[in-house]
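Residues per chain, in single letters:
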Amino acid sequence: MRFRILGPTQVVLADGREVPVGGPRLRALLALLLLDAGRVVSAERLIDGLYGEHPPRGAANALQSQVSRLRQALPAGHDPVEFHPAGYRLAVDPDDVDAYRFERLAEAGRRALVDGDWHRAAAVLREALELWRGPALADAIGAAGAPAQAARLEELRLAAIEDRVEADLALGVHGTLIAELRELVVAHPLRERARGQLMRALAALGRPAEALAEFEDARHTLAEQLGVDPSAELAAVHLAVLRGEERGSAEPVLPSQLTTFVGREEELKRVGDLLGDRRLVTLTGPGGAGKTRLAIEAAGRVDGEVRFVELAGLADGSDVPQAVLSALGLRDAGLRAPAESGWQTTDRLVEALAERQLLLVLDNCEHVLVDAARLAARLLSACPALRVLATSREPLGLAGEALCPLSGLTVPPLGASVLDADEYAAVGLFAQRAADVAPDFTVTPANVEMVLRICRSLDGLPLAIELAAARLRALSVAEVAARLDDRFRLLSTGNRAVSPRHRTLRAVVEWSWDLLDNAEREVARRLTVFAGGATLEAAERICGLPTAEFVDALTGLVDKSFVEMTGGRYRMLETVRAFCAERLAEAGEADQLRRAHTAYFLEFAWTASDHLRCAEQLHWLRRLDAERDNLHAALRRATAAGDASEAAGMVAALSFYWWLRGMRGEGARLAADVLELLGTEAPPGLGEEFALCVYNASLAGSGPLPSLGTQRSVIRSLDGPPRQPFLLYLSGISTGPPSGGAEDVDELMGELRQLVGPDPWINALGAMGTGSALMWSDQRDRARAALATALDGFRGTGDRWGTMITLGALGELAAWQGDPETAGTHMDEAMGLVEALGSAVDQADMLRTRGEIRLRAGDLAGAHDDFAGALLLAQRSGAPEFVASARLGLAQVARVRGDLAAARRFCEEALTGGLTGWYVGEAARAEIILVLKEITEAEKAGAPPSAGGA
């Protein structure tokens, strides 16, 4: 028999005949049993589902009667309903239930999509979606627990539709999708993925105006209903439409290129072949040879998931793992980022990539070669489905490394016919780039000899050719050729130890420098103080020229290919930047510009920090993300220069940002470096900054640190409201709760309110602390009042983070007080805020919290789903603390269901890692050990223990 619950409940025989089941209550009973096909469903849960809050007298007998009627309704010889001491079990293969089959097929289709097998993905997903005949659990929607299950299945259905659309888009199916996607967007206006797919389909059909209109509608809808901006993914689709591209989420995550790819077909084929056979391929060659561009082009032709990691902006090799973590969209997780002694970001990456099929592009490894090689070796040895494509001026030096050396593009040899010039890649590149700046330029019989001379003189190096071609805006081909010859003669007596191509490239950059006017040179050398590019406003402030002069100079630098402008930011090619940095040092301006850069970004960090506690939180998080390299560069430079006030101030200003973005490990390392500068006691006037350095460093278990005492002593040391209010939260989680319990917390919060006055965010934080302490001291009514005050305060400020964690506490409290409906409402809102903040780790934590609430309410299926979802997110994010807590939750569910063997296995796995010496970690370890003891006692007694509850 086959069973159907994706629509009206049906039983269908092998020959296609439908078996009449009976009335609504009998169909509801069958649906409830089918939801846990093959597993025992407790009698209490079935009674609750069938009769709700008002079961009849003798409900157990009534249930038994319904089960008997169900057995009679099923064909003779097909009686799968089994009685067990704990309840009833429908002994059928889950694959005979359409809901289970749908989930299996949907997951298979999703995996095929990730692997780039578009045809299989589309076919499997269509097969999955054809199983739906109407709303899920249509005959049991009134049963307790059924709405949540129906909502979960509906969410999976929508995700499967979007996956199938993604596969169709990859296969070039566009026109037939428009009507379906419009209908989907109207029905679900907040689903940004479907909106982005509609935009891509419209753009592919030559209807970009309609695609842009869809984006504007999405932006308006999101702002009006949620108060948020479109996600980065939807914004990327918007940008792609503006640029005339047709890129979507199924394509590799690679930097977009503004110019066409010229030449390198032989090398491109070689890289493709090597990536098919080898797991580590390194493109080597001098600066300017086009290694990055070739890597991007090669990666773009690879099936499956790709992630691009730009290493050029890193100042220290120890930051390589963090750069990879960020490129993967992962975060430092947990309150102490290295979860236990020896736990590093690299271990997090290993856990996240252990079973992930991925091509990782590590670009510009040369200045962090040792650390990049060490990371690549560790990941490749531990992650069998991972491949690495690296670019570097020298090999990584690892066993099994396949090298693809690059020199210049092909150039015509001496004596070659000028008629064949256009067959050589170097000439083709020069001609294309020259036409970009001089639209009427072509290679003609009159100029071909000079073009060949230029390309040969530059050894065909792409960067050198592009810089030379850019000069055609102001010079003739003959003048370009003549100046190159002059410059090469000047450099011929230079350092002969370096490669000829390096000398050639330097000659081109220096020659280009000579063509700049004084203002352009001044701006060019001063721009080198930036890491990761600069906005127009930041560049103007720090360069220090009058506005009109600065804008003219910057425009000239863009025109002359000294500076690139993409996404509203100005960047230099690394070779050009290195050359200009030497000019900055020669001018004696390096220290002056460093101080100006630090001052600007310290001011920016404090301004942004103030906005992180209000409704503009998401906007300022994105701004901080864009300036992360500059902020951290300023912090490192101030630390290295011994500027204690600026370095400590930057740590203080960035503390809340690091927390919201899950960068606790990286922040801890930076703070620890500043602590070495500050010493063991707070310097005069830096008490708050010193405390924040200690607390941030402590999150990574950075060895012995100065003691700051209790949270009370920290608060009493303040002369007024802290400039960084997040200090109050960090002090609480670092020192633990006051020994006197809730009353001490209440007294402490009273002192805090006197200190800070009417600050709404700090007062909301204080109310949340009071409410949490009252919860754990079992003063639940007072706790709820305090948390309600905190919630109103955070909502009033617009802080999504504070609102989220307060809702989580209120959800737990409502569950403790036997109000699962209110608990569910609070958790649903909290989950929405987590999604808006874009935090997969916090989503795992909220799922875990909701799972505990559902477990307490007896919703074992819902709790299991939440814990399993939390485990998946935590594993994919490389968050060991949440992996342990999710496994503990699964153990609790298995224990209550009577599967003691599974419960023991989950507990033992939860103890294997992720628990630290920090007091919350120790409490979690103690809880796991307690559950293991209860399991042992239950095994001896031969019966499962109850779920318990506070």
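Residues numbered from 1 in each chain as written. Predicted model: local features only at pLDDT ≥ 70, side-chain atom pairs only at ≥ 80, totals over all residues. Heavy atoms only, no water.

### Some points on the overall build of the protein
Counting secondary structure elements, the protein contains 42 helices and 13 strands. Buried residues in the protein amount to 51% of all 950 residues. Counting only contacts in the protein whose residues sit at least 6 apart along the sequence, the fraction spanning at least 24 positions is 70%. For the protein, the exposed surface amounts to about 40,100 Å²; the carbon and sulfur share of it is 52%. (Helix = DSSP H or I, 4+ residues; strand = E, 2+ residues; numbered from the N terminus. Buried < 20%, exposed > 50% of the residue type's maximum accessible area, 1.4 Å probe, protein only. Contact = heavy atoms within 4.5 Å. Areas by Shrake-Rupley, 256 points an atom, 1.4 Å probe, with all protein chains shown as cover.)

### Observations regarding the sheet that holds strand β9 (residues 358-363)
Where strands meet in a sheet, backbone hydrogen bonds hold them as pairs that are either parallel or antiparallel. Pairing in this open sheet of 5 strands is parallel, and the strands run β8-β9-β10-β7-β11 from one edge to the other. Because the sheet does not close on itself, it has two edges, and the strands there are β8 (305-310) and β11 (402-405). Between one strand and the next, the sheet's axes are offset by a mean angle of 15°, whatever the strand orientation. Bridge count for β8 against β9 is 6 bridges, and the pairing is parallel. (Pairing = 2+ DSSP bridges. Axes fitted to C-alpha atoms, helices over the stretch in contact; angles between N-to-C directions.)

### Here we look at helix α17 (residues 448-457)
When α17 is considered as a whole, its buried residues turn out to be V448, V451, L452, I454 and C455. Along α17, the residues classed as buried sweep out an arc of 160° about the axis, all on the same side. Positive backbone phi, at 55°, marks D459, one or two positions downstream of α17. (Arc of directions from axis to C-beta.)

### What about the sheet that holds strand β4 (residues 40-42)?
Strands sit in the order β4-β6-β5 across an open sheet of 3 strands; the sheet is antiparallel. Strand pairing shows two members of the sheet lacking a second neighbour, β4 and β5 (81-84), which therefore form its edges. In this sheet, neighbouring strand axes are inclined to one another by 30° on average, regardless of whether the strands run parallel or antiparallel. Summarising the sheet, β4 and strand β6 (residues 87-90) pair through 3 bridges and their orientation is antiparallel. For S42, the partnering residue across the bridge sits in β6 and is G87. Helix α2 (residues 43-51) contacts β4 and β6 of the sheet and is inclined by roughly 65° relative to β4.

### Side note on the packing of helix α22 (residues 536-543) against helix α23 (residues 547-559)
Where α22 contacts α23, the two axes come as close as 11 Å, and the packing angle between them is 115°. Between α22 and α23 lies a crossing of right-handed hand. Along the contact surface, α22 presents L536, A539, E540 and C543, while α23 presents T547, F550 and L554. (Left-handed = near helix turned anticlockwise from the far one by under 90°.)

### Things to note about the pairing of β11
Because side chains alternate across β11, one face comprises the buried residues A402 and C404, and the other comprises L403 and P405, none of which is buried. Across 4 bridges, the pairing between strand β7 (residues 280-284) and β11 is parallel. Within β11, the residue paired with V281 across the bridge is A402.

### A look at the nonpolar core
Within the largest apolar cluster, 154 residues are counted, with the highest numbers of intra-cluster contacts made by L527, F562, F601 and W801. With residues near it in sequence (within four places) discarded, L527 still touches A539, C543, L554, L557, V563 and M572. Judged by nonpolar contacts, the second largest core, of 73 residues, contains V11, V41, V97 and L137. (Core = buried A, V, L, I, M, F, W, Y, C linked by side-chain atoms within 4.5 Å.)

### Focus: the packing of aromatic side chains
One pass over the full model with this rule turns up 17 aromatic pairs. Each ring, one from W659 and one from F726, has its centre 5.6 Å from the other, and the planes form 55°; the classification is tilted. With a gap of 67 residues between them, W659 in helix α28 (residues 644-660) and F726 in helix α32 (residues 726-735) connect regions that are remote in the sequence. The two residues W659 and F726 agree in class, both being buried. Both rings, one in F726 and one in Y729, keep their centres 5.4 Å apart while their planes meet at 20°; by these two values the pair is stacked. Taken together, the positions of F726 and Y729, both in helix α32 and 3 residues apart, correspond to about one turn of that helix. Taking relative accessible area as the criterion, F726 reaches 0% and is therefore assigned buried. (Phe/Tyr/Trp six-rings, centres within 6.5 Å; stacked < 30°, edge-to-face > 60°.)

### Topic: the confidence of the model for the protein
The predicted model of the protein has a mean per-residue pLDDT of 83, with 89% of residues at 70 or higher. Low confidence marks residues 333-343, where pLDDT is under 50. Its contacts with residues over four positions away, or in another chain, come to 45 contacts. Scored below 50 in pLDDT, residues 487-503 shows 18 contacts in the model against residues more than four places distant or in partner chains. (pLDDT = per-residue confidence, 0-100.)

### Some remarks on the packing of α22 against helix α25 (residues 590-611)
Any two packed helices are characterised by the angle at which their axes cross and by the distance between the axes. Close contact between α22 and α25 brings their axes to 9 Å; oriented N to C, the two are set at 135°. The angle between α22 and α25 falls in the class oblique. Of the two possible hands of crossing, α22 and α25 adopt the one that is right-handed. Within the contact between the two elements, α22 uses E537, A538, R541 and I542 and α25 uses L593, A596, H597, Y600, F601 and E603. Its residues placed into classes, the contact of α22 with α25 shows 6 nonpolar, 1 polar and 3 charged. (Parallel < 35°, antiparallel > 145°, perpendicular 65-115°, else oblique. Nonpolar A, V, L, I, M, F, W, Y, C, P; charged D, E, K, R; others polar.)

### Describing unusual backbone geometry
Most of the time, phi is negative for any residue but glycine, and the peptide bond is trans. Of note in this structure, L137 is not a glycine but carries a positive phi near 55°. Relative to the assigned elements, L137 resides in the loop between α5 (118-129) and α6 (146-170). With a relative accessible area of 0%, L137 lands in the buried category. A positive phi angle, close to 70°, is found at D778, a residue other than glycine. Tracing the backbone shows D778 in the loop between α34 (760-776) and α35 (780-797).

### Let's talk about the side chain of R307
Within the secondary structure, R307 sits in strand β8. Classification of R307 by relative accessible area gives buried; the value is 16%. A polar atom in the side chain of R307 sits 3.2 Å from the side chain of E305. (Polar contact = N/O pair within 3.5 Å; in protein donor to acceptor, adjacent residues only side chain to side chain.)

### Notes on the environment of L484
Mapping L484 onto the fold places it in helix α19 (residues 477-491). L484 gets classed as buried once you look at its relative accessible area, which sits at 1%. Put simply, L484 and L458 are 26 residues apart on the chain and 8.6 Å apart in space, counted from C-alpha to C-alpha.

### Some details on the pattern of salt bridges
Opposite charge on two side chains permits pairing when their charged atoms draw close. Counted according to the given criterion, the structure contains 58 salt bridges. Put simply, R628 and D625 hold a salt bridge, and the shortest N to O gap is 3.2 Å. R628 sits in the buried class, given a relative accessible area of 18%. Its relative accessible area of 26% is what places D625 among the partly exposed residues. The network of salt bridges with common partners includes R182, R195, R207, E210, E214 and D217. (Salt bridge = Lys/Arg side-chain N within 4 Å of Asp/Glu carboxyl O.)

### Considering the side chain of H597
With respect to the helices, strands and loops of the structure, H597 is situated in helix α25. The exposure class of H597 is buried, given its relative accessible area of 0%. Ignoring any residue separated from it by four or fewer positions in sequence, one finds H597 in contact with V529, F530, I542, N630, A634 and R637.

### Examining α28
In this model α28 runs 25 Å from its N-terminal to its C-terminal C-alpha over 17 residues, within 8% of the 24 Å that 1.5 Å per residue would give. L654 marks the point of greatest bend in α28, at about 45°. α28 sits mainly inside the fold: 14 of its 17 residues count as buried. Of the residues flanking the end of α28, it is G662, one or two places downstream, whose phi is positive at about 70°. (Expected span 1.5 Å × (residues − 1). Bend = angle between axes of the 7 residues up to and from the residue.)

### Things to note about the environment of L403
Mapped onto the elements, L403 comes out in strand β11. Sequence separation between L403 and L274 is 129 residues; the distance between their C-alpha atoms is 8.9 Å. Setting aside residues no more than four positions away along its own chain, L403 makes contact with R270, L274, T282, T284 and P395.

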